[in-house]
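Notes for the structure review
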Amino acid sequence: AGCDKITSSESALLRPEDFETFIMSGLGREVVQAAKAGRLHRETPFVLQVGADVIDPSYPGDAAVLVQGIIDAWFECDDGIVLVDYKTDRADQAADPEGTMLLKHYRIQLELYKEALERLTAKHVKEVWIWSFALGRALRL
């Protein structure tokens, strides 16, 4: 699948109202404004070398690993960069309405995305967000 297309398996996870909820949210409005201003960057690939202990504390810190990923979206503001990662995980709203477990699960990934983006742009990432389609809300790291 191309970087700008949603696969059929991905689209099965989302409903039109999920997109409307996103667009109407504060974060969604910021993303739309950035897109209109030509400041929105999507599907940014990166490769980052980090100490193995960053990935798993049981690994030796002097061993290096390469992390490869794709940053869903980011945009620049006057005072730094805002990074956005979209998640379609079916979070349990009743058990975790604040998205605490989702944030915990993706913390290392998003910290690596932040580091990669700061290295790529030589600019400060001021905010890191997850948009949870399952919860219908933005979660700030």
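Quick caveat, the model's predicted, so the values are computed rather than measured.

Brief notes about the sheet that holds strand β5 (residues 137–140)
Taken in spatial order, the five strands line up as β1-β2-β3-β4-β5 in an open sheet, and their pairing is mixed. Where the open sheet ends on each side, the last strands, each with one partner, are β1 (40–51) and β5. Strand-to-strand twist in this sheet, taken as the mean axis angle between neighbours without regard to direction, amounts to 40°. Against the sheet, helix α5 (residues 100–121) contacts β1, β2 (64–77), β3 (80–87), β4 (125–132) and β5, and its axis sits at roughly 95° relative to β1.

Describing the pattern of salt bridges
Throughout the structure, instances matching the rule amount to six salt bridges. Ionic pairing is found between lysine 87 and aspartate 85, a salt bridge with its closest N-O pair at 2.7 Å. Summarising the burial analysis for this pair, lysine 87 and aspartate 85 share the class buried. Taken together, the shared-partner salt bridges connect Asp79, Lys126 and Glu127 into one network.

Conventions we followed
Within any chain, residue numbers begin from 1 and follow the written order of that chain's sequence. Side-chain atom pairs in this predicted model are given and counted only at pLDDT of 80 or more, local residue features only at pLDDT of at least 70, and totals for whole chains, interfaces and linings cover all residues. Working from all heavy atoms in the structure, the side-chain values ignore hydrogens and water. Two strands make a pair as long as DSSP finds a minimum of two bridges between them. Runs of E in the DSSP output that reach at least two residues are strands. Runs of H or I that reach at least four are helices, and both are numbered from the N terminus. Here an axis means a line fitted to C-alpha atoms, over the contact stretch when the element is a helix, while the angle between two N-to-C directions is reported on a 0 to 180 degree scale. The contact rule is simple, with two residues in contact once any of their heavy atoms fall within 4.5 Å. Basic side-chain nitrogens of Lys or Arg form a salt bridge, by our definition, when they fall within 4 Å of a carboxyl oxygen of Asp or Glu. Partly exposed residues are those whose accessible area sits between 20% and 50% of the maximum for their type, while under 20% is buried and over 50% is exposed, using a 1.4 Å probe and protein chains only.

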